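Analysis of the macromolecular model
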Amino acid sequence: MARYLNPRSDVVFKKIFVEHDYLLISFLNSLLPLPPDGLIVSLTYLPTEQIPNIPILKRTIVDVKCTDQRGRIFIVEMQIAWTSHFMQQMLFGASRAYVNQLTKGEEYSYLKPVYGLGLLAENFDHESDHFYHHYKIVNVDKPQRELKGLQFVFIELQKFKPISHAKRKLQILWLRFMSEINENTLEIDPELLAVPEIKEAVKLSEQAAYTTAELAAYDAYWDSVSTDKTLYSGRFQEGKTEGKREGTQEGRRAEKIEIARNLLAQKVAIQTIAIATGLSEANIKQLDKGI
């Protein structure tokens, strides 16, 4: 009997979706709001170093970046433990990818859309039962009017329920694969294996497909997740003892300052850092001067 590894981990996620572009194509086409005549046909992988590390839970994020035959850019992130910074990080990464398409003097008409896909192992929207959240830039008074360029989809895997829907069958099956397969899996539903791409992904999740070094990296990844969660929980509890509201706000501000310092060290523009962290440009200039 085959033993399986969790596809939400760094090692397995990348073996499936980075080493096999046709699996990522199927995955993205099923999950993103792409028109029928705008599906992804081919992909080219891009470096992912552009997204700065978050000081806390920095090892719980798995990211993949690629571009398709139309020049559209796709950024995929698997977030194991939710933090309030995740959406800011996604916005920062997608915005930077959008801006970096042009060199000085090039026309804005050359810009291609950027899509951010965030897969969340923990919930962030506790006021809704919906698991699929689609964000884009629209006119507040006339939502049908859209500023094209950036779109984001966040999927809360804990909320996902495999309800049958003919038009979204492939989406449902891919999300079942991402949410159901783990070390405790004994049998695979034949419905999953009926899709060639998902069948291949299941095979790539078998423990036998991994070297000793990869298995050690897999265990180390989950150890780091546990450690980071413990550290984050400890810092949060310390904040609570100092006063629920004041302590939490102070802790969040300290994290924003640490992120800003990291971005300054990477020579990121102050205006961009302000957007990514929510800090004022004046405060960031003070940090840059070491004040």
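Residues numbered from 1 in each chain as written. Predicted model: local features only at pLDDT ≥ 70, side-chain atom pairs only at ≥ 80, totals over all residues. Heavy atoms only, no water.

On to the packing of aromatic side chains. Taken as a whole and judged by the stated rule, the model has 14 aromatic pairs. Ring centres of Phe13 and Phe17 lie 5.0 Å apart, and the angle between their planes is 55 degrees; this geometry places the pair in the tilted category. Of this pair, Phe13 and Phe17 both sit in helix α1 (residues 10–17), four residues apart, which is roughly one turn of that helix. No difference in accessibility class separates Phe13 from Phe17, as the two residues are buried. Ring geometry for Phe17 and Phe27: centres 4.6 Å apart, planes at 35 degrees, overall tilted. With Phe17 in helix α1 and Phe27 in helix α2 (residues 21–31), this residue pair connects regions lying 10 residues apart in the sequence. Phe27 shares its class with Phe17; the two are buried. Chaining the aromatic ring pairs together yields one cluster made of Phe13, Phe17, Phe27, Trp174 and Phe177. The residue whose ring lies beneath Lys15 is Tyr210, and the NZ or CZ to ring-centre distance is 4.9 Å. (Phe/Tyr/Trp six-rings, centres within 6.5 Å; stacked < 30°, edge-to-face > 60°. Helix = DSSP H or I, 4+ residues; strand = E, 2+ residues; numbered from the N terminus. Buried < 20%, exposed > 50% of the residue type's maximum accessible area, 1.4 Å probe, protein only. Lys NZ or Arg CZ within 6 Å of the ring centre and 35° of its normal.)

Let us now look at the side chain of Ser9. Summarising the element assignment, Ser9 is placed in the segment before α1. From its side chain, Ser9 meets the backbone nitrogen of Val12 in a polar contact 3.5 Å long. (Polar contact = N/O pair within 3.5 Å; in protein donor to acceptor, adjacent residues only side chain to side chain.)

So, about the nonpolar core. Residues Leu28 and Leu117 are the most contacted members of the largest nonpolar core, which totals 50 residues. If we skip the residues at most four places from it in the chain, Leu28 touches Leu34, Ile40, Leu43, Cys66, Phe74, Val76 and Leu117. (Core = buried A, V, L, I, M, F, W, Y, C linked by side-chain atoms within 4.5 Å. Contact = heavy atoms within 4.5 Å.)

The buried fraction of strand β3 (residues 73–79) amounts to seven of the seven residues, a majority that puts the element mostly inside the structure. Covered by surrounding structure in β3 are Ile73, Ile75, Glu77 and Gln79 together with Phe74, Val76 and Met78, the residues of both alternating faces. As paired strands, β3 and strand β4 (residues 114–120) are joined by seven bridges and run parallel to one another. Within the sheet, the bridge partner assigned to Gln79 lies in β4 and is Leu120. Regarding the hand of the β-α-β motif, the stretch spanning β3, helix α3 (residues 86–99) and β4 is right-handed. (Pairing = 2+ DSSP bridges. Right-handed = clockwise from strand over helix to strand, strands pointing away.)

By secondary structure assignment, the location of Pro196 is in helix α6 (residues 196–204). Judged by relative accessible area, which is 59%, Pro196 ranks as exposed. Taking C-alpha positions, Pro196 is 9.4 Å from Leu23, a pair spaced 173 residues apart along the chain.

Turning to the packing of α2 against α6, a few remarks are in order. At their nearest, the axes of α2 and α6 sit 10 Å apart, and the two run at 120 degrees to each other. It follows that α2 is oblique to α6 by the angle criterion. When the axes of α2 and α6 are compared, the crossing they make is left-handed. For the pair α2 and α6, the contacting residues are Tyr22, Leu23 and Ser26 in the first and Glu197, Glu200, Ala201 and Leu204 in the second. (Axes fitted to C-alpha atoms, helices over the stretch in contact; angles between N-to-C directions. Parallel < 35°, antiparallel > 145°, perpendicular 65-115°, else oblique. Left-handed = near helix turned anticlockwise from the far one by under 90°.)

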